[in-house]
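# Close look at the chain arrangement
So you can see what is in the structure, the chains are spelled out below.
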Amino acid sequence: MAANGKLRRGFCLLVRGKVVLMGERQYHLALGPGELAETVLLVGDPGRAERGADLFDEVRLERRQREFVTFTGTKEGRELSLLATGIGPDNLEIALLEACQITSSPTFIRVGTCGALQPEMELGDLVVTTGAVRLEDTSLWFVPPGYPAVAHLEVVLALVEAAERLGARYHLGLTASASGFYGAQGREVPGFPLRQPGIQEDLARRNVLNFEMESSVLFSLAALRGLRAGTVCVVYANRPRGTFVAPEDKIPLERTCLKVGFLAALLLAEMDAVKASAGARFWQPSLCLNSRKA
Ligand code: R1P
Ligand code: URA
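As the structure is a computational prediction, the values presented were derived from the model and not from experiment. (Residues numbered from 1 in each chain as written. Chains lettered and ligands numbered in written order. Predicted model: local features only at pLDDT ≥ 70, side-chain atom pairs only at ≥ 80, totals over all residues. Heavy atoms only, no water.)

### Points about the overall build of the protein chain
- Each helix and strand in the protein chain was counted, giving six helices and 12 strands.
- Relative to the 2.2 N^0.38 estimate, which gives 19 Å for 294 residues, the radius of gyration of the protein chain is 19 Å and therefore close to what a compact globule would have.
- In terms of principal-axis extent, the alpha carbons of the protein chain reach across some 60 × 55 × 40 Å.
- Across the 294 residues of the protein chain, 53% fall into the buried class.
- For the protein chain, long-range pairs separated by at least 24 residues make up 72% of all intrachain contacts whose partners lie at least 6 apart in sequence.
- Total accessible area computed for the protein chain in this model is approximately 13,900 Å², and 54% of it derives from carbon and sulfur atoms.
- Between the centroid of the 33 positive side chains of the protein chain and the centroid of its 33 negative side chains there is a distance of 5 Å. (Helix = DSSP H or I, 4+ residues; strand = E, 2+ residues; numbered from the N terminus. Rg over C-alpha atoms; globule rule 2.2 N^0.38 Å. Buried < 20%, exposed > 50% of the residue type's maximum accessible area, 1.4 Å probe, protein only. Contact = heavy atoms within 4.5 Å. Areas by Shrake-Rupley, 256 points an atom, 1.4 Å probe, with all protein chains shown as cover. Lys, Arg positive; Asp, Glu negative; His and termini not counted. Charge placed at Lys NZ, Arg CZ, Asp CG, Glu CD.)

Given below as structure tokens:
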């Protein structure tokens, strides 16, 4: 970081055959060029990053600064990073912007926890997000109110495939990304009356599946840069039923979600290889469907 607060540009590197201008060691992440993989699994909880590190075959880098905890390593020959951002859209913005200074064209997969808004959703179910309601204001500093926060199609497909292969129960649809856990998610705490008490029911009626806090910033900033991003979250609360996951169930449920995230990252690499050999720019059904080919 330069004295005027701007991120200073660094030097050029050859990444996947392309010359890329790389930044220097980043202020919050404490990572420099070459220390973060091009596929980054983002988690909120630093403890989740520590617990998920054993899913790598080999870890070559560990870095801890504030709530930002990073592991970079390999799984089945693919380089991946697992990066904890801490809670909230503002933290996610810091992590994403700094990650983009030291990578070329990264793909982000958020592996989070959430509160379900529909009564039929069970604790431990997964939610693969297709798009996020922008209830936070961090993204407003970059894109206007009508700008959509959509997950990248390929990341969504990889997450669905991973959940299917691992036999996880999952839902697919819209997420609401709030700027807080209590007031912004309509949770009344004694002594703190809400200004918008009906927000939970209102979103549920509009077929929104869950509440979390980071995806809308992730998707809108990724779209702004032309990057791929997606989210899978495990349900820790069911808001209409008023239930919350038991402490002893949190880690095993989180584990399934992490495994889905890791597998989705590997599947995306496989999809990219298939695209490259077919000369296709995007993943498309004809890459794997043989029927009715023209
Ligand atoms: C709130 O408890 C936190 O949990 C969810 C929310 O998005 C928020 O960050 O995600 P993580 O478990 O990934 O932090
Ligand atoms: N994370 C959230 O943001 N909300 C919940 O209800 C549970 C986890």
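Now that the structure is up, let's keep going.
### Re the site of ligand 1
- Taken together, G44, D45, R48, I87, G88, R110, G112, T113, F181, E212, M213 and E214 make up the full set of residues near ligand 1.
- R48 is positioned with one of its side-chain polar atoms (N or O) 2.6 Å from an oxygen atom of ligand 1.
- At 2.9 Å, a backbone N or O of M213 approaches an oxygen atom of ligand 1.
- Here ligand 1 loses 87% of its free accessible area of 340 Å² to cover by the protein chains.
- The dominant element in the shell around ligand 1, judged by the number of residues it contributes, is strand β7 (residues 107-116), at three residues.
- The residue makeup of the shell around ligand 1, split by class, is three nonpolar, four polar and five charged. (Near = heavy atom within 4 Å. Polar contact = N/O pair within 3.5 Å; in protein donor to acceptor, adjacent residues only side chain to side chain. Nonpolar A, V, L, I, M, F, W, Y, C, P; charged D, E, K, R; others polar.)

### A closer look at the site of ligand 2
- If you check the shell around ligand 2, you find T113, C114, G115, F181, Q185, R187, F211, E212, M213 and A237 and nothing else.
- The fraction of the free accessible surface of ligand 2 (240 Å²) that becomes covered by protein chains is 93%.
- Elements supplying a minimum of two residues to the shell around ligand 2: β7 and β10 (208-212).
- With three residues, the single largest contributor to the shell around ligand 2 is β7.
- Among the residues forming the shell around ligand 2, the class breakdown is five nonpolar, three polar and two charged.

### Observations concerning unusual backbone geometry
- A positive phi is found at A30, a non-glycine position, where the angle reads about 60°.
- Secondary-structure assignment places A30 in the loop between β2 (18-23) and β3 (39-43).
- Look at E76: it is not a glycine, yet its phi comes out positive at around 45°.
- Structurally, E76 is set in the loop between β5 (68-75) and β6 (78-84).

### Observations regarding the pairing of β10
- Burial within β10 is extensive, with five of its five residues counted as buried.
- As judged from the two bridges shared by β7 and β10, these two strands associate in the antiparallel manner. Bridge pairing in β10 links G115 to F211.
- Here four bridges tie strand β9 (residues 170-177) to β10, and the two strands are oriented parallel to one another. Residue pairing across strands places S177 opposite E212, the latter belonging to β10. (Pairing = 2+ DSSP bridges.)

### Examining the packing of aromatic side chains
- This structure, assessed with the given rule, holds two aromatic pairs.
- Aromatic side chains F181 and Y182 sit 4.9 Å apart centroid to centroid with 80° between the ring planes, which places their arrangement in the edge-to-face category.
- Positioned over the ring face of F181 is R187, at 3.9 Å from the centre of the ring. (Phe/Tyr/Trp six-rings, centres within 6.5 Å; stacked < 30°, edge-to-face > 60°. Lys NZ or Arg CZ within 6 Å of the ring centre and 35° of its normal.)

### A closer look at the pairing of strand β4 (residues 58-65)
- Alignment of β4 against β5, held across seven bridges, turns out to be antiparallel. The residue bridging V59 from the neighbouring strand is G73, located in β5.
- The hairpin turn running from β4 into β5, its antiparallel successor, is two residues long, and R66 in that turn takes a positive phi close to 45°.

### Things to note about the nonpolar core
- Core analysis: the biggest nonpolar cluster contains 63 residues, and L82, F108 and I109 have the highest contact counts within it.
- Counting residues in hydrophobic clusters, the runner-up holds eight residues, among them L117, A176, V208 and F211. (Core = buried A, V, L, I, M, F, W, Y, C linked by side-chain atoms within 4.5 Å.)

### Comments concerning helix α6 (residues 247-278)
- In this model α6 runs 47 Å from its N-terminal to its C-terminal C-alpha over 32 residues, within 8% of the 46 Å that 1.5 Å per residue would give.
- Just downstream of α6, G279 is the residue with a positive phi angle, here 70°. (Expected span 1.5 Å × (residues − 1).)

### Focus on the confidence of the model for the protein chain
- Overall, the predicted model of the protein chain reaches an average pLDDT of 94, with 91% of residues at or above 70.
- Low confidence marks residues 1-8, where pLDDT is under 50. Its contacts with residues over four positions away, or in another chain, come to 10 contacts. (pLDDT = per-residue confidence, 0-100.)

### Remarks on the packing of helix α3 (residues 153-165) against α6
- Direction vectors running N to C along α3 and α6 enclose 125°, while the axes themselves pass 8 Å from each other. Taken together, the axes of α3 and α6 lie oblique to each other. As α3 packs across α6, the resulting crossing turns out to be right-handed. Contact with α3, carried on its side by E154, V155, L157, A158, L159, E161, A162, A163 and R165, involves V260, G261, L263, A264, L267, L268, M271, D272 and K275 of α6 and no other residues of that element. (Axes fitted to C-alpha atoms, helices over the stretch in contact; angles between N-to-C directions. Parallel < 35°, antiparallel > 145°, perpendicular 65-115°, else oblique. Left-handed = near helix turned anticlockwise from the far one by under 90°.)

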